[in-house]
Amino acid sequence: MTVPTPVLETERLRLRPFTDADGEELFALMSNADVLRYWDSSPWTDRANITRFLDKCRRVSEEGTGARVAIESRSDGAFLGWATFGDWDEDFRSASLGYVLKQDAWGQGYATEASEALLGWAFGAFDLNRVQSEADTRNPASARVLEKLGFVHEGTLREDCIVDGVVSDSWVYGLLRREWDARSASSATAA
């Protein structure tokens with residue numbers, strides 16, 4: 001089942017499929033050690049990662065297992081980062097959510113805004129029961145994003161990542177369809 005990567009617009013953001021033209025911005029983001037200090041892999045050093053990443057974006061869409069979207073500013077088209085809805089498991093009706101933004105985009109609510117749009121699309125496009133996300137325990141800002149979206153902290157994976165010799169723990173967060181539906185209904189009533 002092919003699932004076309006969506007184009008989504010929020011008040012301030014546009015989420016869209018990646019293009020080859022995004023390569024340099026993507027490399028700058030994914031090679032930044034400060035940005036990736038809580039990521040589950042090392043910063044990129046090889047430009048071939050651009051091609052691998054973009055190929056994976058197309059493959060995810062073609063296989064119908066999710067979507068990777070570039071996040072850009074609606075006002076000026078500036079590349080801010082990317083988000084992913086992936087690991088769709090049709091049997092368990094579950095998937096995962098992730099995001100990474102440039103440093104100058106931190107603390108402005110972009111991760112929450114982009115993730116909310118991507119989740120709205122995903123809950124509509126897939127027969128989802130559960131979305132999971134993880135945050136490094138040294139990254140409380142990411143945990144706050146997930147909590148704002150309605151995710152519930154479910155536990156800690158102890159020493160689950162080793163990146164460049166650094167061992168770290170991850171918090172596990174889950175969001176169920178019924179929680180998303182209740183949140184969406186409450187937001188619609190408030191508007």
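Keep in mind that this is a model prediction, so the values were computed, not measured.

A. Fine view of the nonpolar core. Membership of the largest hydrophobic core comes to 37 residues, with the highest contact counts inside it found for Leu15, Phe85, Leu118, Leu119, Trp121, Leu128 and Phe151. When residues of this core are assigned to their parent elements, the largest contribution, 9 residues, is made by helix H3 (residues 110-125). For Leu15, the residues in contact, after removing those within four places along its chain, are Pro6, Val7, Leu8, Val69, Ala70, Ile71, Ala114, Ala117 and Leu118. Judged by nonpolar contacts, the second largest core, of 16 residues, contains Phe27, Met30, Val35 and Trp44.

B. Just the packing of helix H1 (residues 23-30) against helix H2 (residues 48-63), in detail. For the pair H1 and H2, interaxial distance at closest approach is 10 Å and the crossing angle is 110 degrees. Of the possible angle classes, the one that applies to H1 and H2 is roughly perpendicular. Counting all contacts with H1, which are made through Gly23, Glu24, Leu26 and Phe27, the residues of H2 involved are Ile50, Phe53 and Leu54. Its residues assigned to classes, the contact of H1 with H2 comprises 5 nonpolar, 1 polar and 1 charged.

C. Just the packing of aromatic side chains, in detail. Inspection of every chain in the model, using the stated rule, returns 11 aromatic pairs. Ring centres 6.4 Å apart and planes at 55 degrees place the aromatic pair Phe18 and Phe79 in the tilted group. Taken together, the positions of Phe18 in the loop between strand S2 (13-17) and H1 and Phe79 in strand S4 (residues 79-89) put the pair 61 residues apart, joining distant regions of the chain. With respect to burial, Phe18 and Phe79 carry one shared label: buried. On the numbers, 6.3 Å between centres and 45 degrees between planes, the contact of Phe27 with Trp44 is tilted.

D. Fine view of the pairing of strand S8 (residues 166-176). Strand direction decides the pairing type here: strand S6 (residues 130-136) and S8, joined by 7 bridges, are antiparallel. What sits directly across from Arg130, in S8, is Leu176. In this sheet, S8 lies alongside strand S7 (residues 152-163) in antiparallel orientation, the contact comprising 8 bridges. Bridge assignment links Thr156 to a residue of S8, and that residue is Trp171. Between S7 and the antiparallel strand that follows it, S8, lie 2 residues; Asp164 among them carries a positive phi value of about 50 degrees.

Reading guide: rules and limits
- Residues numbered from 1 in each chain as written.
- Predicted model: local features only at pLDDT ≥ 70, side-chain atom pairs only at ≥ 80, totals over all residues.
- Heavy atoms only, no water.
- Core = buried A, V, L, I, M, F, W, Y, C linked by side-chain atoms within 4.5 Å.
- Buried < 20%, exposed > 50% of the residue type's maximum accessible area, 1.4 Å probe, protein only.
- Helix = DSSP H or I, 4+ residues; strand = E, 2+ residues; numbered from the N terminus.
- Contact = heavy atoms within 4.5 Å.
- Axes fitted to C-alpha atoms, helices over the stretch in contact; angles between N-to-C directions.
- Parallel < 35°, antiparallel > 145°, perpendicular 65-115°, else oblique.
- Nonpolar A, V, L, I, M, F, W, Y, C, P; charged D, E, K, R; others polar.
- Phe/Tyr/Trp six-rings, centres within 6.5 Å; stacked < 30°, edge-to-face > 60°.
- Pairing = 2+ DSSP bridges.

Read these as geometric descriptors, not functional statements.
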